[in-house]
Amino acid sequence: MNLTRRDFLKTTGLTGVGLALASLGLDMPKVKAAAKEFKLKGAREFTSICHFCACGCGVIGYVKDDKLINLEGASDNPVNRGGLCSKGLGYGQIPNSDQRATKPLYRAPGSDHWEEISWDEAIDKAARALKKARDENWKQTEVIDGQTVDVHRTDAIGFIGGSQINNEECYQNIKMARALGVTYIDNQTRVCHATTPPAMNAAFGRGAMTNHWGDLKHSKLIWIEGSNIAECHPMGLKNVMKAKNNGAKIVHVDVRYTRTSKIADYFFQLRPGTDIAFLGYIISYIIENKKYNEDYIRRNTNAYCILRDDYKFDEGIFSGYNAEKHKYNMETWGYALGADKKPQKASDLFAPNTVMSRMKEHFSRYTLDKVSGITGMSKDDIELAAKIFCEYSPTVMMYALGMTQHTVGVENIRCFTILQLLRGNIGVPGGGIDAMRGQPNVQASTDFGIMFQYLPGYLSFPTEKTNTLEKWTRASGTFRAKWLKNMLKAWFGDYATPANDYAFNLIGVRNSSHNDSIYGLFEDAYRGTVKCLYLCGQNPHVTNANAGMVHDGLCRMDTVIAQDIFVNETAEFWNRPGDNPADIQTEVIFLPACSYLERRGTITNSMRMIQWRMEGPKPLGDSKPDYEINNLLWRKIRELYQDSTDPKDEIIQRMTWNYSDDQTVEDILKEINGYDLTTGKLVSGIGQLKDDGTTSSGMWIYAGVYGNGEHKAQRRGQEDEGGLGIYPNFGWTWPDNIHLLYNRASCDENGQPVDPEHKIVWWDAAKNRWEGYDVPDVGNRNAAPGTPDGNKPFRMTGEGYGRLFAAEYSDLNPDGMTRDHSYTPVDGPLPEFYEPVESPTKNALHKDEKAQFNPCVVYPRLPEKQRIGTKDEFPYVLCSSGIAEHWCSGTVTRNIPWLNELVKEPFVEMSHKLADQLGVKLGDKVKVSSARGNVTVKAMVTDRARPLTINGEETHMVWMPYSWGFKGLSKGPSTNYITIDALDPNVQEQEFKACLVNITKA
Ligand code: SF4
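Residues numbered from 1 in each chain as written. Predicted model: local features only at pLDDT ≥ 70, side-chain atom pairs only at ≥ 80, totals over all residues. Heavy atoms only, no water.

Draft legend 1. View of the site of the ligand. Around the ligand, the structure places C50, F52, C53, C55, G56, C57, L84, C85, G88, P234 and M235. When its residues are assigned to classes, the shell around the ligand shows nine nonpolar, two polar and no charged. (Near = heavy atom within 4 Å. Nonpolar A, V, L, I, M, F, W, Y, C, P; charged D, E, K, R; others polar.)

Right under this line is the structure:
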């Protein structure tokens, strides 16, 4: 590496100014330019995309003698314009790291060591283990709600990972897993952003970040809540700072003062888990003070729609609640429908039962007194925050895991969607909701359906209620059935025909009541039913809440197959300090993958932009690209099943896998893009996909990425007509290269921009066509504004409107079949404040015990492992999150010596007041314990932490980073031994951000 340690430390923090440089994303130090030029002479240059957060920063690497000799930011990449943060830069140490595993490894049952084995042996063992688990535990039928259902699946295998591999590898993994009949399918998004897609989808019809980094420069107000962007998404901050330099105001709302608070104009601190109360007040303030954008909500939202009169809400419970099942029947959450089965609208915004009038009533309960007591914020601060929110427009709301990791995660984000719709901030430059993703390809691993509930492209995975194509279509709509048929054509080729429902019935069926997430997986492993686990770039031994459960589950499996760059804590769980390996009978097969710099493929960042990674140095030792490992594994599995006549194996035999060895990645990307099967040509976009089996597309939302044979992810065009920061010819953005989702909402009924200074799309009457600097987000570019298709600003919802109230609604075709169904969160059509499952106080909004915490949460699920701690025993509120220098489980960053030098070990941050009460000083060792376990770390006593007064009582908050474990160059106890695995009922994401702990001097 050309960058010296000294230069690195200067850049990333040890000199004081360095941190600011890194955070602001200024370019690498231009040190010794002449010497560098000399060193790089004769080196091969390649471009790629950073491995860590999902900002998607471009890098340029230099290879000489098959070694990486330099890594720096790519100055032509619009995301980072040459800047890299400490992690992105530090990755340059990985390709040559002597800590990497470079040979396949095997740990025999009961053994205390690894043995090196050949690739042939490793692949053979892995394939046979998967086959054994599948064949011995095949579930052909299951009794669900008293009915015997053909489910043809296995519950004995888990497939975990995907957010650190490339798109093509994600696609291989999901095909393998679904062909094997696996239902425990998950990736890191379960732990991070699983709550984002349903929340955004419920309001807008799509689940993704709406705007893009370059668009931030148009914002007048940047509202950052539940995110420490300065440390976790530093290049996102670079774009925020551009807006600040243009005069934008920055508000930071969080549970503690951080480096992000430091650059904000306003900082508001609240108690962990109380965002809905705070935001509920702001919603109420907007409605009461008529601060909503009346024109926008009339044109673009369901504000005027009339709700059914049997929709009720009382004492924290919505109508239709079944206390025994912790579930709602959502029927009463629908609209009053006209004879045409469409929602009826009132002419008066506040007529009885309009969405707006019911919202007014609902949120009026969030008074200043109540909200101040709940959040710990002063009444002045709450009111000030509401006024600031209403003073500026456009406003962008940015968030990360501070909002998602709660048992009310979906409803937290729903508050953002309501606020932004009310203020007219969706679909306009400078507006939007930016969900900042934390892993390099977590966006795409979610897009590709590496989650139990989805198929690729957010198509629902079949359950007992949707186990035929007809039933599936009735639930999801003909609109989505078209994309499903295209996927089935890609998966099953000529075998998929209209006559056999496109081979829909080859795919397994899951039980809709069962928790098939990574949490359900380890609970069932503990119960003894999960036998084999395949992991790809994920380390749940460190990253799952209540991590002791992960360990116990692993101990009861037959086989763990771990595919990764480093041997991490999950792969070597049998060697945990204090345990006896002889007691653990799980065999482990380790498949050494190479680093991202050593392989090619596409990757999708937070703002949906797909970029190309070139190959740099050769893979170190015998390590291999994941796509090659996947090829080897699948071919071996198929070989093992090739002569079977058992019907359960037909899906394995029929699943397409036509990838050449030297063009695997390109072949897969083309399959994902899709073909016109009548001509053999690649389709140009979603619009070319047909409903009749004459086209295929592995994932419809990426149709166009290889449009007309052009590899668009490779593009590096710098054009930006209109100066909006879009760069339409750089990479390719899904869907259809639309950068600003819902941009139709920026125009009036006549299709003309409401804000001509920031026009982005418009109806061109002369051309009879929608035009724009961005691709217009309309279903048909020739559909004039006055026509039904030309007037759907949120065309992906059933209604075609933005949904303030997430009503239960299916839009029907003239023949009565569902055209599209809108998503409604299972825990309510409007957000409601509930306490975290472990809380220091009573819910001040409702007395009903059922509504103390989210009434749809089922916890504990395994009482002996999931005790709920009380305030008497555990008086302090713990929040945990990441830091700039270490990332996620720390598998990679704790093997980068330079980063370990910056932050050496985990710690707990507390206020001076609490430290005094405990008799603890800075650097003292303390024991932090919860109802699930304890860890001993050093105390970090700061002015940043301070107690809050909650419902009249002083309450202390403490904070811990979580990226440590017993492997790597920097070791330390895992915070997740003490966190709680209570889950959001929509998507089973855990409540990392609030649990109760005690602290004593160690
Ligand atoms: S970690 Fe994120 S912000 Fe830092 S260089 Fe990588 S992609 Fe960019």
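This is not the end of the story, as more comes after the structure.
Draft legend 2. Looking closely at the domain arrangement of the chain. Domain parsing of the chain yields domain 1 (1-36), domain 2 (105-186 + 461-610 + 621-663) and domain 3 (871-1001). A separation of 32 Å is found between the C-alpha centroids of domain 2 and domain 3. Residue-level contacts link 24 residues of domain 2 with 23 residues of domain 3. Note on domain 2 versus domain 3: buried area summed over both sides is about 1,900 Å², and carbon and sulfur give 63% of it. Of all residues in domain 2, the largest losses of buried area upon contact with domain 3 belong to V542, N546 and E569, amounting jointly to 28% of the total for that side. Here domain 2 is connected to domain 3 by two salt bridges. Taken together, the links from domain 2 to domain 3 amount to 13 residue pairs in polar contact (both at pLDDT 80 or more). Listing elements by their share of the side of domain 2 that touches domain 3, those giving two or more residues are α22 (518-527), α23 (540-543) and α24 (547-555). Here the side of domain 2 that touches domain 3 gets three residues from one element, more than from any other, and that element is α23. (Domains from an automatic or database assignment. Contact = heavy atoms within 4.5 Å. Buried area = accessible area lost by both parts, 1.4 Å probe. Salt bridge = Lys/Arg side-chain N within 4 Å of Asp/Glu carboxyl O. Polar contact = N/O pair within 3.5 Å; in protein donor to acceptor, adjacent residues only side chain to side chain. Helix = DSSP H or I, 4+ residues; strand = E, 2+ residues; numbered from the N terminus.)

Draft legend 3. Examining the packing of helix α20 (residues 469-476) against helix α21 (residues 478-492) more closely. Packing of α20 against α21 leaves a shortest axis separation of 7 Å and a crossing angle of 130°. Classified by the angle their axes make, α20 and α21 are oblique. Of α21, the residues touching α20 (which contributes L469, W472, T473 and S476) are T478, R480, A481, L484 and K485. A per-class count over the contact of α20 with α21 returns four nonpolar, three polar and two charged. (Axes fitted to C-alpha atoms, helices over the stretch in contact; angles between N-to-C directions. Parallel < 35°, antiparallel > 145°, perpendicular 65-115°, else oblique.)

Draft legend 4. Structural context of the pairing of strand β9 (residues 221-225). Of all five residues making up β9, five are buried, and the element is well covered by its neighbours. Side chains of β9 alternate between two faces, with L221, W223 and E225 and I222 and I224 buried alike. Sheet topology note: the β9/strand β16 (residues 395-399) ladder contains five bridges and is parallel. Within β16, the position partnered with E225 by the bridge is Y399. Note that β9 and strand β10 (residues 249-254) share five bridges and pair parallel. Within β10, the residue paired with L221 across the bridge is K249. (Buried < 20%, exposed > 50% of the residue type's maximum accessible area, 1.4 Å probe, protein only. Pairing = 2+ DSSP bridges.)

Draft legend 5. Seen up close, the packing of helix α12 (residues 275-288) against helix α18 (residues 409-422). Contact geometry for α12 and α18: axes closest at 10 Å, N-to-C directions at 20°. As summarised for this structure, α12 and α18 are arranged roughly parallel, according to the angle between their axes. Considering the relative orientation of α12 and α18, their crossing is left-handed. Contact with α12, carried on its side by D275, I276, L279, I282, I283, I286 and I287, involves E411, N412, C415, F416, I418, L419 and L422 of α18 and no other residues of that element. (Left-handed = near helix turned anticlockwise from the far one by under 90°.)

Draft legend 6. α12, seen in detail. Compared with the 20 Å implied by 1.5 Å per residue over 14 residues, the 20 Å span of α12 between its first and last C-alpha is a close match. Most of α12 sits inside the fold, with 13 of its 14 residues counted as buried. Note on α12: the residue one or two positions beyond its end, K290, has a positive phi of about 50°. (Expected span 1.5 Å × (residues − 1).)

Draft legend 7. Examining unusual backbone geometry more closely. That bond from W734 to P735 is cis: its omega, -5°, falls within 30 degrees of zero. Relative to the helices and strands, P735 resides in the loop between β28 (732-733) and β29 (761-764). With omega at 0°, the peptide bond leading from Y859 into P860 counts as cis. Even without a glycine there, the phi angle at N737 is positive, about 65°. Mapped onto the elements, N737 comes out in the loop between β28 and β29. Positive phi, normally seen in glycine, also occurs at Q988, with a value near 60°. Mapped onto the secondary structure, Q988 falls in the loop between β39 (957-961) and β40 (995-1001).

Draft legend 8. Structural view of empty space enclosed by the protein. Throughout the structure, instances matching the rule amount to eleven cavities of 30 Å³ or more. Elements represented by at least two residues in the lining of the largest cavity include exactly α9 (229-232), α17 (401-404) and β33 (876-881). Looking at the lining of the largest cavity, the element that brings in the most residues is β33, giving three residues. Split by residue class, the lining of the largest cavity holds 17 nonpolar, 16 polar and six charged. (1 Å grid on protein atoms, 1.4 Å probe; cavity = no way out; pocket = protein on both sides within 12 Å on 5 of 7 lines; lining within 4 Å. Points joined across faces, edges and corners; volume = space filled by probe spheres on them.)

Draft legend 9. Just the pattern of salt bridges, in detail. Applying the stated criterion to the full structure yields 67 salt bridges. Residues D124 and R128 are paired through a salt bridge, measuring 3.0 Å at the closest nitrogen-oxygen approach. Placement of the pair is D124 and R128 together in helix α5 (residues 119-136), with a separation of four residues, close to one helical turn. Residue R128 is classed as partly exposed on the basis of its relative accessible area of 46%. Here D924 makes a salt bridge to K1001, at a shortest N to O gap of 3.8 Å. Here D924, found in the loop between α29 (912-918) and β35 (925-930), pairs with K1001, found in strand β40; they are 77 residues apart in sequence, far enough to count as distant. Overall, the relative accessible area of 48% leaves K1001 in the partly exposed class.

Draft legend 10. Layout of α21. Between its first and last C-alpha, α21 extends 20 Å over 15 residues, near the 21 Å set by a 1.5 Å rise per residue. Within α21, twelve of the 15 residues are buried, leaving the element largely enclosed by the surrounding structure. Among the residues of α21, those classed as buried are R480, A481, W483, L484, K485, N486, M487, L488, K489, A490, W491 and F492. Among the residues trailing α21, G493 stands out with phi positive, at a value near 55°.

Draft legend 11. Just the pairing of β33, in detail. Most of β33 sits out of view: six of its six residues are buried. Burial along β33 is two-sided: the residues Y876, L878 and S880 and V877, C879 and S881 are all buried. Sheet analysis places β33 next to β40, joined by three bridges and oriented antiparallel. Counterpart to V877 in the pairing with β40 is L996.

Draft legend 12. Up close: the confidence of the model for the chain. The predicted model of the chain has a mean per-residue pLDDT of 94, with 96% of residues at 70 or higher. Predicted confidence is poor over residues 13-31, with pLDDT under 50, and the contacts of this stretch with residues over four places away or in other chains come to 42 contacts. (pLDDT = per-residue confidence, 0-100.)

Draft legend 13. Looking closely at the environment of D662. Structurally, the position occupied by D662 is in the loop between α26 (650-654) and α27 (664-673). On the basis of relative accessibility, which here comes to 57%, the residue D662 falls in the exposed class. When the C-alpha atoms of D662 and F452 are compared, they prove to be 31 Å apart, with 210 residues separating the residues in sequence.

Draft legend 14. Local environment of the packing of aromatic side chains. Applying the stated criterion across every chain yields a total of 39 aromatic pairs. Note on W483 and W700: the rings are 4.6 Å apart at their centroids and 5° apart in plane angle, and the pair reads as stacked. You can see W483 sitting in helix α21 and its partner W700 sitting in the loop between β27 (695-696) and β28, a full 217 residues away along the chain. Here W483 and W700 have matching classes, each one buried. Site record: aromatic cluster; members linked through ring pairs are Y311, F313, F318, Y321, Y328, W333 and F805. Cation over ring: K131 sits above Y641, and NZ or CZ is 4.7 Å from the ring centre. (Phe/Tyr/Trp six-rings, centres within 6.5 Å; stacked < 30°, edge-to-face > 60°. Lys NZ or Arg CZ within 6 Å of the ring centre and 35° of its normal.)

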